[in-house]
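Report on the structure
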Amino acid sequence: MWRIGLTCFLLACLVGVTNTAFGQSYGVELHNTLMPASGAMGGVSVARPQDLTSAMNANPAALTQFRGTRFILGGGWAEPTMNLTQTGNIPIVGPPLIEPYSAKSTAPGSPLGNIGVTQDLSELGLPATLGFGFVTTAGAAVDFRQVPESNGTNSDLVIFDVPVAFGIDVTERLSLGASLGMGIAYFDGPFVGVGGMTPDYALRGTVGANYLFTEYTTVGGYYQTRQAFHFNDAFLLNPGPGQQSFDVQMDLPQNVGLGVANSALMGGRLLVGVDVIYKLWDDAELFKAVYDNQWVVQLGTQYTMGRYRLRAGYAWAQNPIDDTPGPNLGGVVQPGDLPAVRYSQGLLAVTSQHRITAGIGVVDVL
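Here's what I pulled together on the structure shown here. (Residues numbered from 1 in each chain as written. Predicted model: local features only at pLDDT ≥ 70, side-chain atom pairs only at ≥ 80, totals over all residues. Heavy atoms only, no water.)

Helix and strand counts for the chain stand at two helices and 22 strands. Across the chain, the fraction of contacts at a sequence separation of at least 24, relative to all contacts at a separation of at least 6, is 64%. Accessible surface computed for the chain: about 15,000 Å², of which carbon and sulfur atoms make up 61%. (Helix = DSSP H or I, 4+ residues; strand = E, 2+ residues; numbered from the N terminus. Contact = heavy atoms within 4.5 Å. Areas by Shrake-Rupley, 256 points an atom, 1.4 Å probe, with all protein chains shown as cover.)

As structure tokens, this is what we get:
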């Protein structure tokens, strides 16, 4: 199957903060694994996110933790490593076959951006914060066109989101938040020899809450809706005279996240956070034929040492690969039937279950 590693160099401008981190995805979704601070903390960001784009991309209720005017610019580099071995003959459109082969994907790495700005509304007499952003939310790419036996196997997916988020302090301890994001998706495959890069747009909403349980402990949670994309004419059957085109349905799944963070250790210099995410792949078009519902557990720490923020994390992700995949992908029955579905499933098999992260931040750089 395949392993994917995302090596990120992240530059953040948040009152003069710089960060370096390493991250990795869950299925095709990145969540906050590419964010400047959260990426180094195993993605932990539900209760007390340390960068504002993590709040906009997860629990919008946490936006009230950011006061004044804040701006952040993050740049990441995603470099996948995929080795695929397949052992059968798989029919595709027309007489060709995908023959047995073993090779490494030559898909290049991708630059990924995360930008955000927040403004608290205290000057208007409101205990609230408003945020806007541009976030990279999902991505995966494979390319075996250099292998003749693959019959041009190539697939690519990248999704950006433009969220508008709002968080408000209802009481001194309780905050609520909501966000609405416009997703921009570019999709190619994983249909061998019969697909092409196709764009679409879709909305996704999130609601969340945070509660200051004690002076040092915050608990939070959020619910995120599906993001339903409809790619027109993304699949061609019998290309050429008499060809048929089919639309493809693809959803990013519903997500439920819960988190707790505590800063009581080492005189308040050590922040410890734990997040649990549940991903409902079984209700997501296309991916319900590839993945099962998935649990993710993230543990992250941040130690403050003067101007420096030393961060580390660990994440465990349940293997999402479905042992009994469905007969089609996104409403399209594959020409090669179940073997072709299995092959496409292999192209999307993001199965890294254990991940260790680390990073460093420096404040007041300027």
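Read on, since the account is not over.
Further remarks concern the side chain of Asp143. The topology assignment puts Asp143 in strand E9 (residues 128-143). Once you skip the residues sitting within four places of it in the chain, Asp143 turns out to touch Lys104, Ser105, Thr106, Ala107, Thr153 and Asn154.

Judged by side-chain polarity, Tyr211, Phe213, Val219, Val260, Val274, Val297, Leu299, Tyr314 and Ile356 come together as a nonpolar surface patch covering roughly 770 Å² of accessible area. Of the residues examined, Val297 reaches a relative accessible area of 33% and is grouped as partly exposed. (Patch = residues over 30% accessible without salt bridge, like charges linked within 9 Å, V, L, I, M, F, W, Y side chains within 5 Å. Salt bridge = Lys/Arg side-chain N within 4 Å of Asp/Glu carboxyl O. Buried < 20%, exposed > 50% of the residue type's maximum accessible area, 1.4 Å probe, protein only.)

Attention now moves to the pattern of salt bridges. Pairing between side chains of opposite charge can happen when the charged atoms of each approach one another. Tallied over the full model, the rule gives six salt bridges. In this structure, Glu29 and Arg204 form a salt bridge, with 2.9 Å as the shortest nitrogen-oxygen distance. With a gap of 175 residues between them, Glu29 in the loop between strand E2 (18-23) and helix H1 (52-57) and Arg204 in strand E12 (residues 198-212) connect regions that are remote in the sequence. One exposure class covers both Glu29 and Arg204, and it is buried. Here the salt bridges share partners, and the residues they tie into one network are Glu29, Arg204 and Lys279.

In this structure, His31 takes a positive phi of about 50° despite not being glycine. The residue His31 is located in the loop between E2 and H1 in this model. Positive phi is not limited to glycine here, since Leu286 has a value of about 70°. Judged by its relative accessible area of 2%, Leu286 is buried.

A few words now on the side chain of Thr206. Structurally, Thr206 is set in strand E12. A distance of 3.3 Å separates a polar atom in the side chain of Thr206 from a polar atom in the side chain of Gln224. If we skip the residues at most four places from it in the chain, Thr206 touches Ala58, Pro60, Gly177, Ala178, Ser179, Tyr222, Tyr223 and Gln224. (Polar contact = N/O pair within 3.5 Å; in protein donor to acceptor, adjacent residues only side chain to side chain.)

Sheet topology note: the strand E3 (residues 69-78)/strand E8 (residues 110-120) ladder contains ten bridges and is antiparallel. In the sheet register, Gly74 faces E8, and the bridge partner there is Asn114. (Pairing = 2+ DSSP bridges.)

Before going further, it helps to spend a moment on the pairing of strand E11 (residues 174-188). The sheet contact formed by strand E10 (residues 154-169) and E11 spans 14 bridges and is antiparallel. Pairing of Ala165 across the sheet is with Ser179, part of E11. From the end of E10 to the start of E11, which pair antiparallel, there are four residues. As judged from the 14 bridges shared by E11 and E12, these two strands associate in the antiparallel manner. Bridged to Met182 within E12 is Leu203.

Among the nonpolar cores identified, the biggest contains 28 residues, and Val28, Met250 and Phe287 are the most heavily contacted of them. Of all the elements in the fold, those that place two or more residues in this core are E9, E10, E11, strand E14 (227-237) and strand E15 (244-252). Non-local contacts of Phe287, meaning those with residues more than four positions away in its chain, are made with Val28, Leu157, Met250, Asp251, Trp281 and Leu348. In terms of nonpolar packing, the next biggest core, distinct from the first, is built from twelve residues, Ile98, Ala103, Ala340 and Leu347 among them. (Core = buried A, V, L, I, M, F, W, Y, C linked by side-chain atoms within 4.5 Å.)

Let us look at the environment of Asn255. Assignment of secondary structure puts Asn255 in strand E16 (residues 254-265). Residues Asn255 and Gln294, 39 residues apart in the sequence, show an inter-C-alpha distance of 9.8 Å. Excluding residues within four positions of it along the chain, Asn255 makes contact with Glu29, His31, Arg204, Tyr222, Tyr223, Gln224, Tyr278 and Lys279. A polar contact is formed between the side chain of Asn255 and the side chain of Glu29, at a distance of 3.2 Å.

All quantities given are derived from atomic positions and should not be read as evidence of function.
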